[in-house]
Amino acid sequence: MNINLLLFAVFLGLHSFGQTHQLIITEIMADPTPSKGLPEREYLEIYNPSPEAINLKNFKLYYGNFSVSFPDSILKSNAYAIVFRKGYEAEFKNFGSIIPLPNFSLSNEGALLVLQNQGGHDVFHINYSSSWHNLKNEGGISLEMIDTSFPCVKNQNWASSTDAIGGTPGKANSVIKANPDISGPKLLNFNLDINVLTLNFDEDVSIDFIKEKNNFKIKDGLNEVIDLSYELYQTNKVIIKLKHPVEEGESIELIVDNLEDCSGNISERHLIALANLVPAQLGEILLSEILFNPKTGGEDFVELFNSSDKILNLRGWKFAKLNSKGEISEISEIANYDLLIKPRNYIAFSKDKNYLQQNYPKNGHIIEVLKMPSFNNDDGTVIVLDKNDVEFDRFSYSEKMHNQLIVNPEGISLERTNFDLTKKSIWTSAASDFGFATPGSPNSQSFTENIKNVFYAEPIIFNPYQLSGNSTTFLKYNLNGQGFAAKIDIMDKNGKLVRNLSNNAILGSSGEIEWDGLSNEGELLPVGYYVYKVKLYSPKINQDFLVKCVIGSN
C-alpha cells in the first residue's frame, strides 16, 4: 500500500475509511537527537481509550511507503505503550509497556501514519508535521496530543512536549489538558478548474457530510453538482465536479449546508462566490513593498498591488530572484489555490504571518507561504511571474535606498511611492509612525502632486485628566513627497520645552503622531496652551511649523 498516492474515495465507498479511534497515537518522537534524557531513538506512543483491552496481533502501522504488523500483545483499557524499532528494548523498558516492531522509522519533517485493525479497517490516522511544534525544536522534543477526547483534530490538538527530558513515553502527556473542539470548520480557500472545484477547509470535515450531495448546491443557475470525492486521509479537502464548465468571465455561487467537522461541530451556511476570472494584463499586478533585511527572528515579506479596476486571481503566481550570475532562480509559488486580489488592494506574502501581525501594527491582508526566495540583506532583485511564467514586475533593491537618516535598516521595509507606469518608480523607507512597514495594507509613502506640506492638531482641545473621550491629541500631517524626517517638540506658552516627541522621525506621505499630555518626566502637564514645534527636513527642503493645541479640563 503506497500511502503517498492521492487516492480518491468514491461516493459509494465513503464509509470504508472512517476512524473508530479504537486505538490512537498520542505521542510522536520523530527527531530524537540530541537527547534531553530520552533514548536517542524514534518512537510512537499508542493509547487504548476504549473500555476493553485490545489484542494488537495483526494490527498494522503504515508509515510513509512502508507497513509493519504488530506482534501478539495486549493493551489494557486506558493504557499506553511505546512503539519503536526492535533491538532497543533495554533502552525503553524502564519507561513503560513496550512493543518493539521489526521495522520502523519516522520522518523528521512529517509523514502520514495509519493504524489498521485485524480486519483491515482504519482506526486512526495522523499526517503529522514538524511545523506543529510550538516550541523551538532542534531535536530531542516529541509532539504530544493535548486532549485525547478529540483525537481526530490535527495540529490544533498537538504541541511540543514540555517535559524536561523532551517527552513522556508510556505515560500521560506533559501538555495534557481539556482542549475541546467546539468550532465548526471554516473555508480556507478554493480552486476552480473548468468544471472541478476543490474546497480547502481549516480542519477535517466529516465523511457523512461529504457523502451527502444535497449539502452542495449551485445558487440560481443551470449548473449543478454531479459528483463528490475527497483525498484519502485528507478530508479537509472536498472535490466537487460540476455538470458544466465555468466559462471565462462567468460567475456562480455555491451554497454549502450542514458543514460538519470530524468532532461533530456544524458551521453556518457558506455562500461561496466563484468566478473564472479574466487573466491579469501586464502592469495590473505590481510590486509595492519588500522587507529584505528583517530583525532577528523575523522573516522577509513581499507585497503585491492590484492597480486595475477588476478582481484578479493570483493562483499559480510566483516570486523569484536573480542569482549571482544574473539568472532567475529560487522560483517559489505563492498560491496553489484561487487567491483573489480586489481592485486597488494589497496582499503581502511571508513565511511567518504571525510575526508580521505582532510586530507591524499597520498590517492588512497577509498570506503565509511555505517557501520564499532567499533575498540578500544588502541588495538583490525580486521578480514576479504569473502562472505561465510571464514576468510582470521586477525590483532591484539596495539598503542604500533607505532614508539617509536610518542608521540600522533591520526590520524596515522599502515601499513603492507611485504606481504610474509612465513615471519612474521611486522606493523609500516606510514611515516610523507606521511602524516601519505596512504589510498587506496601503503604503505609508506615496506621491501626490499639487499639495502643500501641512501639520495640524486634532482635536485641538483635549483632556488627559479623563479616562475616556478626547484624552489624547494627534499631530496629523500631509506631505508633498516622500523621504521626509522631522524633529517634533512641544513647548508651553512661555516657550519652554516640555516634551520631545521625536528626533529624526521618518514620516510617510500622511499620518499622525499621538500625544498624551505627559511631560518628558512622565507627569501630566497643567491646563493651558501648548505648541508643537516641528522641524521638517529632507535632502531638498528644510521647513519649520508651529501648531497650537490646548490641554483642557472638565
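Residues numbered from 1 in each chain as written. Predicted model: local features only at pLDDT ≥ 70, side-chain atom pairs only at ≥ 80, totals over all residues. Heavy atoms only, no water.

The next point concerns a nonpolar patch on the surface. Together, Y465, L524 and V527 make up an exposed nonpolar region whose accessible area comes to about 270 Å². In this fold, L524 is placed in the loop between strand 38 (510–515) and strand 39 (528–537). (Patch = residues over 30% accessible without salt bridge, like charges linked within 9 Å, V, L, I, M, F, W, Y side chains within 5 Å. Areas by Shrake-Rupley, 256 points an atom, 1.4 Å probe, with all protein chains shown as cover. Salt bridge = Lys/Arg side-chain N within 4 Å of Asp/Glu carboxyl O. Helix = DSSP H or I, 4+ residues; strand = E, 2+ residues; numbered from the N terminus.)

Below, the discussion takes up the side chain of N195. If you trace the backbone, N195 turns up in the loop between strand 14 (187–193) and strand 15 (196–201). When neighbours within four sequence positions are excluded, N195 is seen to be in contact with I240, K241, L242, H244 and P245. (Contact = heavy atoms within 4.5 Å.)

With that settled, the discussion passes to the pairing of strand 39. Here is the key point about a regular strand: its side chains alternate between the two faces of the sheet. Two strands pair when backbone bridges link them, and strand 36 (residues 485–492) and strand 39 are joined in this way by eight bridges, in the antiparallel orientation. Considered in strand 39, the bridge of I490 is made with Y532. Here strand 39 pairs with strand 40 (residues 542–551) via ten bridges, running antiparallel. Within strand 40, the residue paired with Y537 across the bridge is N542. Counted between consecutive antiparallel strands, the loop separating strand 39 from strand 40 contains four residues. (Pairing = 2+ DSSP bridges.)

Quick look at the sheet that holds strand 28 (residues 366–368) now. Read across the open sheet, the six strands follow the order 28-27-22-21-31-32; overall the sheet is mixed. Whereas interior strands pair on both sides, the edge strands pair on one side only; in this sheet they are strand 28 and strand 32 (427–429). Ignoring strand direction, the axes of neighbouring strands in this sheet form an average angle of 25°. Of the pairings in the sheet, the one linking strand 27 (residues 346–350) to strand 28 comprises three bridges and is parallel in character. Paired with A348 across the two strands is I366, which belongs to strand 28. (Axes fitted to C-alpha atoms, helices over the stretch in contact; angles between N-to-C directions.)

Now for the side chain of K476. On the secondary structure map, K476 appears in strand 35 (residues 473–478). For K476, a relative accessible area of 18% corresponds to the buried category. Not counting the four nearest positions on each side in its chain, K476 is found in contact with V454, F455, Y456, E458, G511 and E512. (Buried < 20%, exposed > 50% of the residue type's maximum accessible area, 1.4 Å probe, protein only.)

The topology assignment puts K353 in helix 3 (residues 353–359). Between the C-alpha atom of K353 and that of C262, which follows or precedes it by 91 residues, the distance is 27 Å. Contact partners of K353, with chain neighbours within four places excluded, come to I366 and E368.

The subject of this paragraph is the packing of aromatic side chains. What the rule picks out here adds up to 21 aromatic pairs. Ring centres 5.5 Å apart and planes at 65° place the aromatic pair F462 and W515 in the edge-to-face group. Placement of the pair is F462 in strand 34 (residues 461–462) and W515 in strand 38, with a sequence separation of 53 residues. Here F462 falls in the buried class, since its relative accessible area comes to 1%. Through a chain of ring-to-ring contacts, three or more aromatic side chains come together here, namely F292, F375, F395, Y397 and W427. Here the basic side chain of K362 rests over the ring of F434, its NZ or CZ set 5.6 Å away from the ring centre. (Phe/Tyr/Trp six-rings, centres within 6.5 Å; stacked < 30°, edge-to-face > 60°. Lys NZ or Arg CZ within 6 Å of the ring centre and 35° of its normal.)

In total, this model carries 19 salt bridges according to the counting rule given. As a salt-bridge pair, E91 and R41 come within 3.2 Å of each other at their nearest N and O atoms. Taken together, the residues E91 in helix 1 (residues 89–92) and R41 in the loop between strand 2 (24–29) and strand 3 (43–47) connect sequence positions 50 residues apart. Look at R41 and you get partly exposed, because its relative accessible area is 28%. A salt bridge links D393 to R416; its shortest N-O distance comes to 2.9 Å. A residue pair is termed long-range when its members are at least 10 positions apart, and D393 in strand 30 (residues 391–398) and R416 in strand 31 (residues 414–416) qualify at 23 residues.

Before going further, it helps to examine the pairing of strand 24 (residues 318–322). With four of five residues buried, strand 24 is to be regarded as a mostly interior element. Strand direction decides the pairing type here: strand 24 and strand 25 (residues 328–333), joined by four bridges, are antiparallel. Bridge assignment links K321 to a residue of strand 25, and that residue is S329. Taken together, strand 24 and the strand that follows it, strand 25, pair antiparallel across an intervening segment of five residues, in which G326 is found at a positive phi of about 80°. Here four bridges tie strand 24 to strand 29 (residues 379–385), and the two strands are oriented antiparallel to one another. Paired with K318 across the two strands is L385, which belongs to strand 29.

Right, let's talk about the state of the cysteines for a bit. Two cysteines joined by a covalent bond between their sulfur atoms form a disulfide. This model, assessed by the stated rule, comprises one disulfide. Disulfide partner of C152: C262, at an S-S distance of 2.0 Å. On the S-S bond that ties C152 to C262, the torsion sits near 85°, and the link is right-handed. Highlighted residues: C152 in the loop between strand 12 (143–145) and strand 13 (158–160) and C262 in the loop between strand 19 (251–256) and strand 20 (270–275), separated in sequence by 110 residues. (Disulfide = S-S within 2.5 Å.)

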